Amino acid sequence: MARLIVEHPGLGVSIQDSGRTGFRKLGVPVSGALDQRLRIAANILAGAPEPAAVLEVLLAAPVLRVEQGPLRLGLAGAFSGVLFRDGDEKKIDSWRGLTLHTGDRLALKLLRPPGSIGFSGGLDAPARLGSRSTYARAGLGGPLGRGDILTCAPAEGADLAAPPLGSGEGPVRFIPGPQAEAFSPETFATFTASRWTVRPESDRMGLRLAGPRLTHEKSANIVSDGVTPGAIQIPGDGQPIVLRADGQTSGGYAKIGCVISADLDRLAHVLPGEELSFRAVDLAEAARARAEQRAAFEKWRQALATFGFDEDKLWSENLISGAISGA
Amino acid sequence: MTPVLLPLGDEAATLRFGEAIDLALNARAHAFCAVLDAARPKGLREWAPAFASVTLWYDPDALSFDELNALCLRLASTPDFSHTGRVHELPFCAEGEFAPDLFETAARNGMTARDWLEAFSKVTFEVYMLGFLPGFAYLGGLPKFLDAPRLATPRKIVPERSVAVADGMCAAYPFASPGGWRLVGRTPLQMFDADAKTPTRLAPGDRVRWRLVGVGEFLALEAQWRG
């Protein structure tokens, strides 16, 4: 195995994969990377099969030293870095797949969250309840610590560069319900016409928004039912909470809607103080959005080839098809 | 009442049987899950019961919402529900700091703490659903004469394994967390173990009775899994 030592853990850095499914009936959240396409891109750049775990970076990037190389790293997101090798320093750009050797030290900076760091063969953390995703609240992994050892498969190869993967723009699309009847048409119109500011208390559980106070027809409370990442809860204070990967599995607040799957990754890109707005769509439009998103990812993958990516090798390992169906 | 399937985004939907916390409605949710457990329909990824509904996660490119709706209505018409859950007898200790709300909860119902505990130990609870925290089981069936509303001001930290009651229900907190239920004891048992094959002690549809133990037995039982 290749080995890296965490010289500085950064902030908001955790191990995440495609998520932990099958345990929601026991109250275990799905977790997983907030932006799944960013994770898949980092894995493709590093040469890791789906659904491999990455380091997700939400605030500050770590400093890593290679104790045993060679290994490959994939940087997806707005990183900049300095690679220290044999007494030299070299500037590293993001959207790269690169080989690191024993003794290399990589100091990364995250220019804008989120970032995803992939490792050759996938980050080798123990799978618990079928997933490597961190969910510290239930003792499933924890935050990255100084001195932690990360292991992955040994690998080397030519450096790769990729174009950035777009994260989408315009209003975030959602399907109304399941408690649409809890809100008057006027309240619904206020929700879709307003710009919502992301509050600093937002975390991996939920995006907390501030804006005009939304009122309920009767009560904010419902008989608790199932929720999922993207669910837009309106609690008694009228300020929406959009659930994210670590969100609980059931909730007792009325939901005005739920963000479509094609726009979930985008929720990782709105930072505290920034604004977003919402647009109601139907299931047919959500299906078109999924198809468009698959096409956009395919385009990114094809662009990789022109940047010098070894496409034949990728196809032979069936990486892409796995990446897309697992997304 | 005919159940209604409501979209929860484009990859999940909730089949609603009713809008009340009620044993009969909850039994329909568990019965529907048991049917799904047996049928394992193609395109369905996961399902979880709540009080009066079941949420289903599906692959919308393999199974359309309309197909899912037809499937649910067909499967939900299965009439029989034979109780398949396990029955648990769980120890709890109500001494001192384990039960800060015991006296007030008993007094609200015109009872002594001892009488309240004795009556509480005779109740058979039903696991309505798990949620809020991994392994947090909502236990239904607390009789009105033992009940009390939630605290006006929730605690910032409820210690892990606290046994609590509120609004006709009972629960044991698997982890320390904020919470507004009234603390009437603590269980020495681990309620969630991520490394166990079944990580939670309780599953939806199980039944629970509480057995009062003293501090000595509490510590002995706690030591068994703490090692």
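Residues numbered from 1 in each chain as written. Chains lettered and ligands numbered in written order. Predicted model: local features only at pLDDT ≥ 70, side-chain atom pairs only at ≥ 80, totals over all residues. Heavy atoms only, no water.

Engineer: An account of the overall build of chain B is requested, with residue identities and associated values reported.
Structural biologist: Along the backbone of chain B there are 5 helices and 13 strands. Taken against the 2.2 N^0.38 rule, which gives 17 Å for 227 residues, the C-alpha radius of gyration of chain B at 19 Å falls within 12% of a compact globule. By its C-alpha atoms, chain B is 55 × 40 × 35 Å across when sized along the principal axes. A separation of at least 24 residues holds for 62% of the contacts in chain B among residues at least 6 apart in sequence. (Helix = DSSP H or I, 4+ residues; strand = E, 2+ residues; numbered from the N terminus. Rg over C-alpha atoms; globule rule 2.2 N^0.38 Å. Contact = heavy atoms within 4.5 Å.)

Engineer: Just give me the short version of the domain arrangement of chain B, but keep the residues and values in it.
Structural biologist: Residues and elements named next belong to chain B. Partitioning chain B into structural domains gives domain 1 (4–75) and domain 2 (87–226). Of note, the centres of domain 1 and domain 2, computed from C-alpha atoms alone, are 29 Å apart. Contacts between the two partners involve 8 residues from domain 1, matched on the other side by 8 residues from domain 2. Here domain 1 and domain 2 share an interface that buries about 690 Å² over both sides, 78% of which is from carbon and sulfur atoms. If you sort the residues of domain 1 by the area they bury against domain 2, Leu23, His30 and Phe51 come out on top, with a joint share of 59%. (Domains from an automatic or database assignment. Buried area = accessible area lost by both parts, 1.4 Å probe.)

Engineer: Can you lay out the interface of chain A and chain B for me, pointing to particular residues and giving the numbers?
Structural biologist: Opposite the 40 residues of chain A that make contact, chain B presents 43 residues. For the pair chain A and chain B, the two sides together bury roughly 3100 Å², of which 58% comes from carbon and sulfur. The interface formed by chain A and chain B holds 6 salt bridges in total. For B:Asp61, the salt bridge goes to A:Arg290, with nearest N and O atoms at 3.1 Å. When contributions to the side of chain A that touches chain B are tallied by element, the ones reaching two or more residues are strand S11 (172–176), strand S14 (221–226), strand S18 (255–259) and helix H4 (283–306) of chain A. Considering only residue class, the side of chain A that touches chain B consists of 19 nonpolar, 12 polar and 9 charged. (Salt bridge = Lys/Arg side-chain N within 4 Å of Asp/Glu carboxyl O. Nonpolar A, V, L, I, M, F, W, Y, C, P; charged D, E, K, R; others polar.)

Engineer: Hey, could you go over the domain arrangement of chain A for me, with residue numbers and the actual values?
Structural biologist: Residue and element names in this part refer to chain A. In terms of domains, chain A is made up of domain 1 (2–160) and domain 2 (172–281). Centre-to-centre, using C-alpha coordinates, domain 1 lies 30 Å away from domain 2. Contact residues are listed per partner, giving 21 residues for domain 1 and 15 residues for domain 2. For the pair domain 1 and domain 2, the two sides together bury roughly 1400 Å², of which 51% comes from carbon and sulfur. Sorting the residues of domain 1 by area buried against domain 2 places Arg24, Leu34 and Arg112 first, and these three jointly supply 38% of that buried surface. Summed over the shared surface of domain 1 and domain 2, the result is 3 salt bridges. Of the charged contacts, one joins Asp265 and Arg37 as a salt bridge, the two residues approaching to 2.5 Å between their closest N and O atoms. Across the domain 1-domain 2 interface, the total number found is 11 residue pairs in polar contact (both at pLDDT 80 or more). (Polar contact = N/O pair within 3.5 Å; in protein donor to acceptor, adjacent residues only side chain to side chain.)

Engineer: So what's going on with the packing of aromatic side chains? Residues and values would help.
Structural biologist: Two descriptors summarise a pair of aromatic rings, namely the distance from one centre to the other and the angle between the planes of the rings. Enumeration according to the criterion identifies 22 aromatic pairs over all chains in this entry. On the basis of an interplanar angle of 45° and a centroid distance of 6.0 Å, the ring pair of A:Phe174 and A:Phe188 is categorised as tilted. Linking A:Phe174 in strand S11 with A:Phe188 in helix H2 (residues 185–193), this pair joins segments that are 14 residues apart in sequence. Residue classification places A:Phe174 among the buried positions, given a relative accessible area of 0%. The interplanar angle of 75° and the centroid separation of 5.5 Å between the aromatic rings of B:Phe92 and B:Phe120 together place this pair among those described as edge-to-face. Here B:Phe92, found in strand S5 (residues 87–92), pairs with B:Phe120, found in helix H4 (residues 113–120); they are 28 residues apart in sequence, far enough to count as distant. Classification of B:Phe120 by relative accessible area gives buried; the value is 0%. Ring pairing ties together the aromatic residues B:Phe51, B:Tyr128, B:Phe132, B:Phe136, B:Tyr138, B:Tyr173 and B:Trp181, which thus form one cluster. (Phe/Tyr/Trp six-rings, centres within 6.5 Å; stacked < 30°, edge-to-face > 60°. Buried < 20%, exposed > 50% of the residue type's maximum accessible area, 1.4 Å probe, protein only.)

Engineer: Can you lay out the pairing of S11(A) for me, pointing to particular residues and giving the numbers?
Structural biologist: Regular strands place their side chains on alternate faces of the sheet. All names here are of chain A. Burial runs high along S11: 4 of the 5 residues are buried. Of the strand pairs in this sheet, S11 and strand S20 (residues 278–280) are connected by 3 bridges, and their pairing is parallel. Bridge pairing in S20 places Phe174 opposite Ala280. Direction of pairing for S11 relative to S18: antiparallel, over a ladder of 3 bridges. By the bridge assignment for S18, Ile175 is matched with Cys258. (Pairing = 2+ DSSP bridges.)

Engineer: Could you give me a rundown of unusual backbone geometry, with the residues and numbers involved?
Structural biologist: Residue A:Glu50 is joined to A:Pro51 through a cis peptide bond whose omega torsion reads -5°. Tracing the backbone shows A:Pro51 in the loop between helix H1 (36–46) and strand S3 (54–60). A:Gly69 connects to A:Pro70 through a cis peptide bond whose omega is -5°. Mapped onto the elements of the fold, A:Pro70 is located in the loop between strand S4 (63–68) and strand S5 (71–85). In this model, B:Arg161 sits at a positive phi of 70°, which is unusual for a non-glycine residue. As for its position among the elements, B:Arg161 is in the loop between strand S8 (155–158) and strand S9 (162–166). The backbone of B:Asp167 sits at a positive phi, close to 50°, despite the residue not being glycine.

Engineer: Now, about the nonpolar core: what can you tell me, with residues and values included?
Structural biologist: Counting residues in each nonpolar core, the largest one holds 54 residues, and the members touching the most others are B:Trp116, B:Phe120, B:Phe125, B:Leu139, B:Trp181 and B:Trp210. B:Phe120 has contacts with B:Phe92, B:Phe125, B:Leu142, B:Leu146, B:Val163, B:Val165, B:Cys170 and B:Trp210, leaving out every residue within four places of it along the chain. Residues A:Phe79, A:Leu106, A:Phe119 and A:Leu150 belong to the second largest nonpolar core, which totals 29 residues. (Core = buried A, V, L, I, M, F, W, Y, C linked by side-chain atoms within 4.5 Å.)

Engineer: So, empty space enclosed by the protein: which residues are in play, and what are the values?
Structural biologist: Counted by the stated rule, this structure contains 2 cavities of 30 Å³ or more. Counted as a void, the largest cavity has a volume near 50 Å³. Lining the largest cavity are A:Arg24, A:Lys25, A:Gly226, A:Thr249, A:Ser250, B:Ala48, B:Pro49, B:Ala50, B:Trp57, B:Met129 and B:Leu130. Broken down by secondary-structure element, the contributors of at least two residues to the lining of the largest cavity are strand S3 (44–49) and strand S6 (125–130) of chain B. Residues of the lining of the largest cavity, tallied by class, amount to 6 nonpolar, 3 polar and 2 charged. Taken as a whole, the second largest cavity holds about 30 Å³ of empty space. (1 Å grid on protein atoms, 1.4 Å probe; cavity = no way out; pocket = protein on both sides within 12 Å on 5 of 7 lines; lining within 4 Å. Points joined across faces, edges and corners; volume = space filled by probe spheres on them.)

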